[in-house]
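Okay, here's what each chain looks like letter by letter:
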Amino acid sequence: MTNTQTTSGATVKLSVMMFLQFFVWGSWFVTLFLVLGKVNLGSIIADSYSTAPIAAIIAPLFLGLVADRFFSSEKVMAVLMLIGGALMLAVPGAIASGNGTLVFWLFMGHMLCYMPTLGLGNIIAFSNVPRDVFPKVRVWGTIGWIAAGLVAGFLGWSDSVNLFRMAGWAAVILGGFCFLLPNTPPPSAGQPVNMRALLMLDAFALLKRPPFLVFIVCSTLICIPLAYYYSNASAFLGNMGFEQAASAMSIGQMSEIIFMLLIPFFFRKLGVKNMILIGMGAWVLRYLLFAFGAPDQVAWMLFLGIALHGICYDFFFVTGFMFTDREAPKAVRGQAQSMLVFFTQGVGMLIGFRVAGAKLGPVAESTGDLSTAIAAGRSGGDLTFAQQLSQMFSVSMPESVSPDLLGKTSDLWKAYWMFPALMAAAIGVLFFATFWDKSKGEEKADS
C-alpha cells in the first residue's frame, strides 16, 4: 500500500473520529438550559455548565501524567469515551428520580472523561496525517456539532432528555470506533515525569513579555462575557419564539466553517491585534443584537447574532492559538497552548458560567413561566419532514401567550444581555490600549 493510500485511509478514519467526538458534545451542551429548566432542575444549570471548564483545567494533568506515558492514545480515548457514554446514558434516569445532585455528578464525570479526548484526538491526528491535512480532518468536528443540532431539531428534542441518550450512544459508538484508529503510541513513553512541563512552568515564562501578558489577561477576561452565550442563549431563543433552538444555533457553526477557511488570509492582511479586536467587537455586536432584538422579538437581529459565531469564535480563539504558536519557542509550544486553554476555556469560562448564572436570577422565574406558556400554546401532532426541517428557521409566538408576561420577560432579557455587551466592550478597549504586536510574523527563536 502506498503512503498516499495510507494517509487517505487514516484521513477518513480521523474525520469520522472528529465528527463523532463533537457530535457527542454538541448533542447536549447547547440546549442544556432548556432541558433542565423543563424538568425543574434549574437550580443546577450554572453548576452543570461549569463542569466543562473544571474538566478543561484538569485535562492537561491527566494527559501529562497518564495518556502521554503509558498507553496508546487511541486506546485511552476509547476507554474514556465508553465510560463517559455510560455516565451520560444514566442521566435520564437520574432526572426521572429528581436527583439533581446525581445529575450534576454524572455531568462532571462525563466531562472529566470527555475533555482529555480533545487533546488525544489532536495527538492521534497529528501523528498520522501531515500537518497541512489536519484542517481537513478538524472541520469534520464542526460538521459533527452542526449535525447534532440539526438532528435534535428534526426530532423535536431541543428540550428533551433524549438529548442525553443521543450523546451517550454517540460516545459509546465512538469508543468502539477508536479501537479501529491507527496505532498511536504514547508520545512520552519511557520518559521521566517532567513537572515543569506538566505544570506549564516554562510557558508561564512567556508572561514576562508585556504583549503576551496583555493577551493572556484580556483573553481570560473576555471569556467571562462569552460564557453568557454558551449557557443561556438557548433559553433566550426559546423565549423569543424559536421552535427549535438547537437547530437554529447550528447556523453559528455553519458560519464558523466559512470563516475558518478565511482565517489565514485575514491573519496575513490584518495582523493579530486587529483580528482579536474584530473578534471582541463581534461579541459586543452579538449581545447588542440580542438585547435590542428582544423587546419586539426581531427575528433578523436574533438570527444575525447567531450567525456572528464564525467571527466571534474564529477571529478570537483561532487567532489566539496561532499567535501563541508564533510567540512560543518550539520547545514549549505544547505547554503554551495548554496554558492558553487553561486560562480561557478553564479559568475564564468557569468564572463566566458562575457570573452568568448569578446574573440570570431576575429573569429565571419569568423565563420558566414564558417557556411553559409557549409550550402550552403550540399545537402537537405529527409534522412532515419539510415542516420539521423548516423549524430551524421558524420563529412564532402563540396567540395564547400573555403580552404582559412576554413584555416583562423580554425587558429582563434586554437588561441581561446589556451587561456582557458592556463588559466585552470594556475589555476590547483595554486590549486596544495596551496590546502592541511589534513582530512581523516571524517565529520566535528556540531559547
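Preceding this section is the structure that the text describes.
The paragraphs below set out a description of the structure included in this document. (Residues numbered from 1 in each chain as written. Predicted model: local features only at pLDDT ≥ 70, side-chain atom pairs only at ≥ 80, totals over all residues. Heavy atoms only, no water.)

**Let's talk about the overall build of the protein chain**
If you tally the helices and strands in the protein chain, you get 18 helices and zero strands. In the protein chain, which comprises 447 residues, the share counted as buried stands at 53%. Considering only residue pairs separated by 6 or more positions, the protein chain has 87% of its internal contacts joining residues 24 or more positions apart. Accessible surface computed for the protein chain: about 18,900 Å², of which carbon and sulfur atoms make up 67%. (Helix = DSSP H or I, 4+ residues; strand = E, 2+ residues; numbered from the N terminus. Buried < 20%, exposed > 50% of the residue type's maximum accessible area, 1.4 Å probe, protein only. Contact = heavy atoms within 4.5 Å. Areas by Shrake-Rupley, 256 points an atom, 1.4 Å probe, with all protein chains shown as cover.)

**Quick notes on the nonpolar core**
Within the largest apolar cluster, 139 residues are counted, with the highest numbers of intra-cluster contacts made by W25, W28, F107, F164, F236, W413 and W417. At 20 residues, the largest contribution of residues to this core is made by helix α12 (residues 245-293). In this structure F164 touches W28, L32, V35, M88, L89, V91, P92, I95 and F107, once residues within four positions along its chain are discounted. (Core = buried A, V, L, I, M, F, W, Y, C linked by side-chain atoms within 4.5 Å.)

**Notes on the packing of helix α11 (residues 210-239) against helix α16 (residues 361-377)**
Contact pair α11 / α16: the axes reach a minimum separation of 9 Å and the direction vectors enclose 50 degrees. What the angle tells us is that α11 and α16 run oblique. In this structure, α11 meets α16 at a crossing whose hand is left-handed. Here α11 contributes A235, G238 and N239 to the contact with α16, which in turn contributes T367, L370, S371 and I374. (Axes fitted to C-alpha atoms, helices over the stretch in contact; angles between N-to-C directions. Parallel < 35°, antiparallel > 145°, perpendicular 65-115°, else oblique. Left-handed = near helix turned anticlockwise from the far one by under 90°.)

**Details of the environment of L120**
Along the chain, L120 falls in helix α6 (residues 100-128). In this structure L120 comes out as buried when scored by relative accessible area, which is 0%.

**A few points about the packing of aromatic side chains**
For the structure shown, the criterion picks out 38 aromatic pairs. Ring centres of W283 and Y287 lie 5.9 Å apart, and the angle between their planes is 45 degrees; this geometry places the pair in the tilted category. Linking W283 with Y287, this pair stays in helix α12, spanning four residues, or about one helical turn. For W283, a relative accessible area of 1% translates into the label buried. On the basis of relative accessible area, Y287 is assigned to the buried category, the value being 0%. (Phe/Tyr/Trp six-rings, centres within 6.5 Å; stacked < 30°, edge-to-face > 60°.)

**Section: the pattern of salt bridges**
The full count for this structure, using the stated rule, is three salt bridges. A salt bridge links D159 to K38, with the nearest nitrogen and oxygen atoms 3.6 Å apart. On the criterion of sequence distance, the pair formed by D159 in the loop between α7 (134-154) and α8 (162-178) and K38 in helix α2 (residues 32-38) is long-range, its members being 121 residues apart. Residue classification places K38 among the exposed positions, given a relative accessible area of 55%. In this structure, E74 and K75 form a salt bridge, with 3.3 Å as the shortest nitrogen-oxygen distance. We classify E74 as buried; its relative accessible area is 2%. (Salt bridge = Lys/Arg side-chain N within 4 Å of Asp/Glu carboxyl O.)

**Observations regarding α8**
The end-to-end C-alpha separation of α8 is 24 Å, in line with the 24 Å expected for 17 residues at 1.5 Å each. Listed as buried for α8 are L163, F164, M166, A167, G168, A170, A171, L174, G175, F177 and C178. (Expected span 1.5 Å × (residues − 1).)

**Description of the environment of M166**
Checked against the element boundaries, M166 lands in helix α8. Judged by relative accessible area, which is 12%, M166 ranks as buried. For M166 and A148, which are 18 residues apart along the polypeptide, the C-alpha to C-alpha distance reads 8.8 Å. Each residue touching M166, except ones within four places of it in the same chain, is listed here: F23, S27, A148, V151, A152 and W157.

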